[in-house]
Protein chains: 2
Amino acid sequence: MSAVIPAIETLTTQLGKLPGVGRKTAQRYAYHLLGLEEEDALELAEAIRGARAVVRPCPVCGAYTDADLCVYCADPTRQSGLICVVSDPKDVLAMEKTREFRGCYHVLFGSLSPMDGVGAEDLAIPQLLARCRAGGVSEIILATNSDAKGDVTAAYLAGQIKPLGIACTRIARGIPIGGNLEYTDEITLAQALEGRKPL
Amino acid sequence: MSAVIPAIETLTTQLGKLPGVGRKTAQRYAYHLLGLEEEDALELAEAIRGARAVVRPCPVCGAYTDADLCVYCADPTRQSGLICVVSDPKDVLAMEKTREFRGCYHVLFGSLSPMDGVGAEDLAIPQLLARCRAGGVSEIILATNSDAKGDVTAAYLAGQIKPLGIACTRIARGIPIGGNLEYTDEITLAQALEGRKPL
């Protein structure tokens, strides 16, 4: 009855695998790509191939790079002994946007999740501990997400790193800037209260 | 300062050209594609190439097809003399979902927009009028969008088609099913009132 064109169906299915994209949005993207000049549509295909061909995780920290080392590990002006641990390569970008951090990174590529069978060996945790044991590390800043998995991951890492005599901190939780007390959930508010600072 | 990797930047830019996708969403898509297994990411690139290679507008009506004619024009059980005019190929899908329409289609590939310099010759309007003049057409159903450009387009087409002695109708405007009177804008409500039907 309804006219399914396999090539459009395949394209819609593939676009629907992008994060947060449902079938309707995927269809909208697919028809948009079909409506473009062919060379414009193929630019996206080429961009995917191009990125996959040259971008890889930095062998030291896991941040994406198109060179041997990422720009953070390769930068001699950054403090290599101060390591910010994040779950995902895109979290590095978020940290960089602050323009506050002048240390290096370590990307875990996920969070611990015993329920889903994700253990330390499934993440870049052994590599992080190896960096810590190799010496020269003064502080590990845990910047995992502020959710259950991020909490479990941070607690696990603190338990492994502190015995090595390395300072281990976690980025603060509290009310976001511009946040309204009335609309702040009680868990965030409790954390903000607990983390209060003298003025 | 911030580490721009050209291949990721290109990918983000290309993804940002998808409709309704801003830079932040494009970046999310890009990092998602980088985080997949390479073959899974390349499936999307291949799906774009594949769709662009085989999908083309039907030479008669403009609906997308991977064959010589689209499934609607090729279907002998559909009424070829009843033509539903839509602005965009994806509107054909929307009409088909109703499972009510058993005629054929004509895709305009846009709407008239004198302000933007889009005239009849820039759309598939000459082709529509040629189909009308070729004979055998009993009714043209105008299903252009219910906005200013859709209104202009419908009015223009009615002016061209009615003198040919062909019935010309426009799909009804009114309160959508499930619509709440309180939240219906006054223009829609005025159209609904004007289009009232005896019970």
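All values reported here derive from a predicted model rather than from experimental measurement.

*Asks:* Describe the sheet that holds strand E4 (residues 103-107) of chain A, naming the residues involved and giving the relevant values.
*Replies:* Within a sheet, each strand pairs with its neighbour through backbone hydrogen bonds, oriented either parallel or antiparallel. Residues and elements named next belong to chain A. Strand order in the open sheet made by the four strands is E4-E3-E5-E6, with parallel pairing throughout. For this open sheet the edge positions go to E4 and strand E6 (167-170), each flanked by a neighbour on one side alone. Here the strands of the sheet are splayed against their neighbours by 25 degrees on average, with no regard to which way each runs. As defined by bridge partners, strand E3 (residues 79-86) adjoins strand E5 (residues 139-142) across four bridges and the pair is classed as parallel. Bridge pairing in E5 links Cys 84 to Ile 141.

*Asks:* Any details on the state of the cysteines? Residues and values, ideally.
*Replies:* All told, the structure shown has zero disulfides over all chains when counted by the stated rule. With no disulfide of its own, A:Cys104 has A:Cys73 as its nearest cysteine by sulfur position, at a separation of 5.1 Å. Unpaired in this structure, B:Cys61 has its nearest cysteine sulfur neighbour in B:Cys70, at a distance of 3.5 Å.

*Asks:* So, the relation of the copies chain B and chain A: which residues are in play, and what are the values?
*Replies:* When chain B is fitted to chain A, the residual RMSD is 0.0 Å, and the transformation amounts to a turn of 180 degrees plus an axial shift of 0.0 Å. Here the copies are linked by what is in effect a two-fold axis. For chain B, the residue whose C-alpha comes nearest the rotation axis is B:Ala45, separated from it by 2.1 Å. Looking at chain B, 100% of its interface residues are interface residues in chain A too, so the copies touch through the same face.

*Asks:* I'd love a proper account of the environment of B:Gly81, names of residues and values included.
*Replies:* All names here are of chain B. Residue placement: Gly 81 occurs in strand E3 (residues 79-86). Separated by 59 residues in sequence, Gly 81 and Gly 22 place their C-alpha atoms 43 Å apart. Beyond its immediate chain neighbours, meaning those up to four positions away, Gly 81 contacts Gly 136, Val 137, Ser 138 and Glu 139.

*Asks:* Mind laying out the layout of surface pockets, listing which residues take part and the relevant values?
*Replies:* Regions of empty space are outlined by a rolling probe, equal in size to a water molecule, passed over the atoms. Each pocket or cavity is described by its volume, and for the largest pocket that value is around 650 Å³. Lining of the largest pocket is provided by 22 residues; of these, A:Asp91, A:Ala94, A:Met95, A:Asn145 and A:Ile171 occupy positions nearest its centre. Listed by contribution, the elements that provide at least two residues to the lining of the largest pocket are helix H5 (89-97) of chain A together with helix H2 (23-35) of chain B. With six residues, the top contributor of residues to the lining of the largest pocket is H5(A). When its residues are assigned to classes, the lining of the largest pocket shows eight nonpolar, seven polar and seven charged.

*Asks:* Pulling in residues and values, what's your account of a negative patch on the surface?
*Replies:* A cluster of acidic side chains, namely A:Glu37, A:Glu38, A:Glu39 and A:Asp40, defines a negative patch on the protein surface. Mapped onto the secondary structure, A:Glu38 falls in helix H3 (residues 38-54).

Scoring rules and cut-offs
- Residues numbered from 1 in each chain as written.
- Chains lettered and ligands numbered in written order.
- Predicted model: local features only at pLDDT ≥ 70, side-chain atom pairs only at ≥ 80, totals over all residues.
- Heavy atoms only, no water.
- Pairing = 2+ DSSP bridges.
- Helix = DSSP H or I, 4+ residues; strand = E, 2+ residues; numbered from the N terminus.
- Axes fitted to C-alpha atoms, helices over the stretch in contact; angles between N-to-C directions.
- Disulfide = S-S within 2.5 Å.
- Least-squares fit on C-alpha atoms with pLDDT ≥ 70 in both.
- Contact = heavy atoms within 4.5 Å.
- 1 Å grid on protein atoms, 1.4 Å probe; cavity = no way out; pocket = protein on both sides within 12 Å on 5 of 7 lines; lining within 4 Å.
- Points joined across faces, edges and corners; volume = space filled by probe spheres on them.
- Nonpolar A, V, L, I, M, F, W, Y, C, P; charged D, E, K, R; others polar.
- Patch = residues over 30% accessible without salt bridge, like charges linked within 9 Å, V, L, I, M, F, W, Y side chains within 5 Å.
- Areas by Shrake-Rupley, 256 points an atom, 1.4 Å probe, with all protein chains shown as cover.
- Salt bridge = Lys/Arg side-chain N within 4 Å of Asp/Glu carboxyl O.
- Lys, Arg positive; Asp, Glu negative; His and termini not counted.
- Charge placed at Lys NZ, Arg CZ, Asp CG, Glu CD.

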